[in-house]
Amino acid sequence: MRVIVTVVEKIISEAHIDIPDGLNQSAIKQHIVDRYNTGGMQTEMNIFQVDFESISARIVQENSSPKSA
């Protein structure tokens, strides 16, 4: 018997980054988005929390005879 198990988790990552002084709120948001989009935060992201959402299983029927072409 073959079973496909699907686990859904919500992962919250946290990064502590330095940003230039003197930026307004809009510029801070843009700086963070730009850094994330270019991959600049990936090495600084640490898993902070994992919340279990759901788990499900589906039984897959296996044929004992090979399929014909």
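Overview of the structure. Note that residues are indexed from 1 along each chain, following the sequence as it is written. Only residues with pLDDT of at least 70 are given local features in this predicted model, and only at 80 or more are side-chain atom pairs given and counted; all residues enter the totals for whole chains, interfaces and linings. Computation of side-chain values: all heavy atoms of the structure, hydrogens and water removed.

1. Examining the environment of Ile32
Secondary structure elements are defined from DSSP: runs of H or I of at least 4 residues count as helices, runs of E of at least 2 residues count as strands, and each element is numbered from the N terminus. With respect to the helices and strands, the residue Ile32 is situated in helix α1 (residues 25–37). Overall, the relative accessible area of 34% leaves Ile32 in the partly exposed class. Residue contacts follow a heavy-atom distance rule, with two residues in contact if any of their heavy atoms lie within 4.5 Å. Once residues lying within four places of it in the same chain are set aside, the contact partners of Ile32 are Ile17 and Met41. For the exposure calls, accessible area comes from a 1.4 Å probe over protein chains only, and a residue counts as buried if that area is under 20% of its type's maximum, exposed if over 50%, partly exposed in between.

2. Section: the pattern of salt bridges
The term salt bridge refers to a side-chain nitrogen of Lys or Arg lying within 4 Å of a carboxyl oxygen of Asp or Glu. The final tally for this structure, using the stated rule, is 1 salt bridge. Put simply, Arg35 and Glu44 hold a salt bridge, and the shortest N to O gap is 2.9 Å. A relative accessible area of 21% means that Arg35 is categorised as partly exposed.

3. Some remarks on a nonpolar patch on the surface
A contiguous nonpolar patch, built from Met1, Val3, Val5, Val7, Phe52, Ile55 and Ile59 and spanning about 760 Å² of accessible area, is present on the exposed surface. At the level of secondary structure, the elements contributing two or more residues to the nonpolar patch comprise β1 (2–14) and β2 (46–60). By the element assignment, Phe52 lies in strand β2. Accessibility expressed as a relative area gives 54% for Phe52, which makes it exposed. Residues enter a patch when their relative accessible area is above 30% and they make no salt bridge; the linking distance is 9 Å between like charges and 5 Å between nonpolar side chains (Val, Leu, Ile, Met, Phe, Trp, Tyr). The accessible surface values rely on the Shrake-Rupley method and a 1.4 Å probe; as for residues, cover is taken only from the protein chains in view.

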